[in-house]
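# Structure assessment
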Amino acid sequence: MRRPLSPITHYKFVGRKAILYIRDRVCETADELLCSAMFFEVLRRAVDSLKRQGSPLVELFRPSPEGRIPDQELHHLVAILRWLAKLPLEHVRKLVNEEQVHLLERPELLFDFIEYLYDDWREYERFLICDSEGDALDQRPYRTFNRTIESLTHLVRSVYRDIQENISGQHPNIYRQVVAGAEVAAIALPKPIFPIFDNLQPLNQIAVIRQVLMYPPLLLNPPMNKRTGQFIQTHRNPLEALHIDPGEWLCYPAKVGPLLILIYFHEQFYELGFTLCNLFELAEDEFLNTHRVDALLLFGVPDECIDPEAEYPTVFYRHPETEIWIGAIPRRREFGYFGYMKKMTLTLHNIVMMHRGRLPYHGAMMQFLLKNGREFNLLLIGDTGAGKSETLEAFRIIGEEAIRSMTIIADDMGSLEIQPGGEIVAYGTEVGAFVRLDDLSPGYAFGRSDRTIIMNPSQVNARVVLPVTTYANIIRGSKVDMVLYANNYEEVDESHPIIERFYTPEQALAVFREGKSMSKGTTTSTGLVQAYFANIFGATQFQSLHEELAQRYFQAFFEQGIFVGQLRTRLGLPGWERKGPEEAARALLEWLDSRAPAGYNT
């Protein structure tokens with residue numbers, strides 16, 4: 001006969017992250033919650049924090065001679081809270097013993113302490129992992145989530161309210177349904193992806209995420225808000241020195257364009273790993289079973305896994321037996337920025353695409369259908385902060401009366417392919433966007449808050465991650481009508497119009513190859529910078545291969561009559577951060593209204 005499972009198999013705290021691991025249920029009663037080891041640790045951590053602050057709230061307790069609040073005091077409080085979850089304060093006074101009664105002498109202090117404890121718990125980034133192997137939780141995800149994260153949220157909130165009402169003797173007039181349980185839950189199960197004879201087989205020990213539930217808007221505070229350096233190819237396999245504790249890792253199987261990239265992330269970076277659900281489509285079982293693994297990323301490896309000879313500790317490696325590309329990011333605080341996770345994943349995508357004959361691009365691709373019947377697809381290439389997303393967002397707002405629909409094919413990265421008949425089509429990689437909060441119009445940002453993950457909201461370069469398109473849109477292959485370079489550093493005058501057309505592949509390649517951009521502070525670079533094709537994510541590392549592809553594709557652009565030029569967004573110039581993209585969008589709309597590029601559908 002099967003032994004009953006405890007509600008929470010185990011838990012851990014990693015910094016200000018609280019991680020709960022459960023099987024088929026969580027605590028279901030106030031007593032189960034208040035008597036749990038995890039609640040006691042939350043209580044101990046809160047009291048220790050108050051003690052360090054010198055808060056008057058610790059006057060609730062009787063300290064030891066050494067000045068510490070002893071565990072016995074906390075056990076007394078737990079006993080009282082169990083009564084207060086059921087009975088009013090005046091009845092509880094009659095039930096407590098002499099060693100406990102002092103905790104009820106100042107009800108207003110006890111009330112304030114419970115308020116602090118509740119708020120302190122909710123300041124943790126809270127994750128719940130359903131990891132019951134063999135129970136087929138992924139076949140009934142809604143019921144699983146309803147019995148776990150929804151149940152826990154309701155229980156924590158109810159216990160808090162019951163205790164506060166029984167202390168004060170009053171019911172609140174306003175109830176705020178805040179998320180009091182876990183903010184993110186995942187069903188993560190073992191899945192044998194690599195064959196048993198494969199030397200990648202140890203990765204099979206790491207649970208693979210099958211479903212995710214979260215409560216947006218989700219506010220996260222990763223330790224860093226900027227990215228620096230580049231991704232470097234190494235000839236040393238990062239897996240050689242990796243000793244895996246599977247309980248510390250999870251795998252997010254991402255559909256990155258047509259590729260399957262497995263993103264393994266350490267518990268120190270859970271807030272980054274779960275943010276992937278707003279950026280990349282989660283690969284379902286059918287996709288996992290029918291697609292080979294094209295690349296994998298190990299985010300949070302020990303330093304000994306990184307080649308000490310590498311110029312930067314952010315490295316990638318080609319596995320010789322399987323030809324799988326492997327990226328690795330160290331487990332250091334300075335790499336706790338979502339940009340590293342996103343850009344390394346896209347670097348791996350770009351490398352694979354180049355080796356398959358496709359030209360990767362760093363840019364945004366949009367499909368527009370105007371109310372006058374015209375349709376066109378615009379590819380806007382440029383570096384981070386060049387004004388790609390900002391211009392397209394301004395275009396959406398300004399052109400509301402003229403635009404029938406806008407479909408995002410790529411928000412940041414994608415690839416181009418020449419069809420057998422010569423037509424050039426574009427593919428995207430992400431279903432979401434990772435953009436600066438300041439560069440979104442307030443109406444748009446707040447209007448999408450019900451789906452948004454916000455990172456470092458109080459800091460410079462605050463970012464939002466939100467879904468913006470569908471996997472079907474990015475993968476279907478869309479004809480390219482117009483290719484523009486996003487120039488954010490030049491003023492506009494008679495000799496430098498907002499929209500400038502190039503007339504030869506050589507003229508165009510000179511500008512795209514130079515890759516100039518005025519840094520917006522999204523990385524540690526400042527001022528006017530240059531990057532080959534504004535793409536340090538694979539193009540720079542395999543420049544000779546990329547150059548061959550670029551010359552072939554740009555020649556094809558002109559042969560196909562595609563409009564190739566540059567768009568001056570002026571986003572990098574002081575005072576033009578919002579006005580520049582708006583004027584660029586207005587000029588683009590006026591230009592399209594007056595004429596159609598060659599190869600245009602009407």
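Located above this text is the structure these notes cover.
Everything in this summary refers to the structure shown in the same document. Predicted model, so just to flag it, every value in this text is computed and none were measured. (Residues numbered from 1 in each chain as written. Predicted model: local features only at pLDDT ≥ 70, side-chain atom pairs only at ≥ 80, totals over all residues. Heavy atoms only, no water.)

### Here we look at the pairing of strand 13 (residues 325-330)
Strand 13 sits mainly inside the fold: six of its six residues count as buried. The sheet contact formed by strand 12 (residues 315-318) and strand 13 spans four bridges and is antiparallel. Note on strand 13: the bridge partner recorded for R318 is W325. What sits between the antiparallel neighbours strand 12 and strand 13 is a turn of six residues, in which E323 has the positive phi angle 60°. (Buried < 20%, exposed > 50% of the residue type's maximum accessible area, 1.4 Å probe, protein only. Helix = DSSP H or I, 4+ residues; strand = E, 2+ residues; numbered from the N terminus. Pairing = 2+ DSSP bridges.)

### Re the pairing of strand 21 (residues 463-467)
Across the five residues that make up strand 21, a large majority, four, are buried. In terms of strand pairing, strand 19 (residues 432-436) meets strand 21 through five bridges, oriented antiparallel. The residue of strand 21 that forms the bridge with G432 is P467.

### Quick notes on unusual backbone geometry
Residue P217 is reached from P216 by a cis peptide bond, and omega for that bond is -5°. Positive phi is not limited to glycine here, since N456 has a value of about 50°. Residue position: N456 is located in the loop between strand 20 (453-455) and strand 21.

### Thoughts on the packing of aromatic side chains
Scanning all chains against the criterion turns up 27 aromatic pairs. Arranged with centres 3.7 Å apart and planes meeting at 5°, the rings of Y118 and Y160 form a pair that is stacked. Of this pair, Y118 sits in helix 5 (residues 107-122) while Y160 sits in helix 6 (residues 141-168), and the two are 42 residues apart along the sequence. Given the relative accessible area of 16%, Y160 is considered buried. Between the aromatic rings of Y337 and F434, the centroid separation amounts to 5.9 Å while the plane-to-plane angle is 55°, which identifies the pairing as tilted. Note that Y337 is positioned in the loop between strand 13 and helix 9 (338-355) and F434 in strand 19, a separation of 97 residues in sequence. Look at Y337 and you get buried, because its relative accessible area is 4%. Exposure remark for F434: the relative accessible area of 7% places this residue in the buried category. Joined through ring pairs, the aromatic side chains of Y485, F512, Y532, F533, F554 and F557 make up one cluster. Lying over the aromatic face of Y471, K255 brings its terminal NZ or CZ to 4.2 Å of the ring centre. The residue whose ring lies beneath R358 is Y427, and the NZ or CZ to ring-centre distance is 4.2 Å. (Phe/Tyr/Trp six-rings, centres within 6.5 Å; stacked < 30°, edge-to-face > 60°. Lys NZ or Arg CZ within 6 Å of the ring centre and 35° of its normal.)

### Observations regarding helix 3 (residues 71-84)
With 14 residues, helix 3 extends 20 Å between its outermost C-alpha atoms, agreeing within 8% with the 20 Å of an ideal straight helix rising 1.5 Å per residue. Turning to helix 3, its buried residues number three or more, namely E73, L74, H76, L77, V78, I80, L81 and L84. (Expected span 1.5 Å × (residues − 1).)

### Concerning the side chain of D411
Turning to its location among the elements, D411 is positioned in the loop between strand 16 (403-410) and strand 17 (413-418). K342 provides the closest opposite charge to the buried, salt-bridge-free D411, at an N-O distance of 4.7 Å. In this structure D411 touches G363, A364, S389, G432, A433, F434 and V435, once residues within four positions along its chain are discounted. (Lys, Arg positive; Asp, Glu negative; His and termini not counted. Salt bridge = Lys/Arg side-chain N within 4 Å of Asp/Glu carboxyl O. Contact = heavy atoms within 4.5 Å.)

### Brief notes about the nonpolar core
F274, L416 and F512 are the most contacted members of the largest nonpolar core, which has 86 residues in total. The biggest single contributor to this core is helix 9, with ten residues. Not counting chain neighbours up to four residues away, the residues in contact with L416 comprise R358, L359, Y361, L379, I424, V425, A426, V480, Y553 and F557. Counting 60 residues, the second largest nonpolar core, distinct from the first, contains L20, L60, V92 and L152. (Core = buried A, V, L, I, M, F, W, Y, C linked by side-chain atoms within 4.5 Å.)

### Section: the environment of R513
Locating R513 in the fold gives a position in helix 13 (residues 505-514). Classification of R513 by relative accessible area gives partly exposed; the value is 29%. Separated by 153 residues in the primary sequence, R513 and P360 have C-alpha atoms spaced 13 Å apart. Dropping the residues within four chain positions of it, R513 is found in contact with A531, Y532, F533, E547 and Q551.

### Overview of the layout of surface pockets
In this structure, the largest pocket encloses a volume near 520 Å³. Along the wall of the largest pocket there are 22 residues; nearest its centre are E123, Y124, E125, L219 and N221. Only strand 3 (125-130) and strand 6 (218-220) provide two or more residues apiece to the lining of the largest pocket. Top element by residues in the lining of the largest pocket is strand 6. It accounts for three residues. When the residues that make up the lining of the largest pocket are grouped by side-chain class, the tally is eleven nonpolar, two polar and nine charged. (1 Å grid on protein atoms, 1.4 Å probe; cavity = no way out; pocket = protein on both sides within 12 Å on 5 of 7 lines; lining within 4 Å. Points joined across faces, edges and corners; volume = space filled by probe spheres on them. Nonpolar A, V, L, I, M, F, W, Y, C, P; charged D, E, K, R; others polar.)

### What about the sheet that holds strand 20?
Taken in spatial order, the four strands of this open sheet run 6-20-21-19, and their pairing is mixed. With partners counted over all chains shown, the strands left at the sheet margins are strand 6 and strand 19, one partner each. Averaged over all adjacent pairs, the angle separating strand axes in this sheet is 20°, with direction ignored. (Axes fitted to C-alpha atoms, helices over the stretch in contact; angles between N-to-C directions.)

### Describing the environment of I69
Positionally, I69 belongs in the loop between helix 2 (37-53) and helix 3. Taking relative accessible area as the criterion, I69 reaches 3% and is therefore assigned buried. Taking the C-alpha atoms as reference points, I69 and V47, 22 residues apart in sequence, are found 7.7 Å from one another. Look past the residues within four positions of I69 in its chain and what remains in contact with it is R44, V47, V58, F61, P63 and L74.

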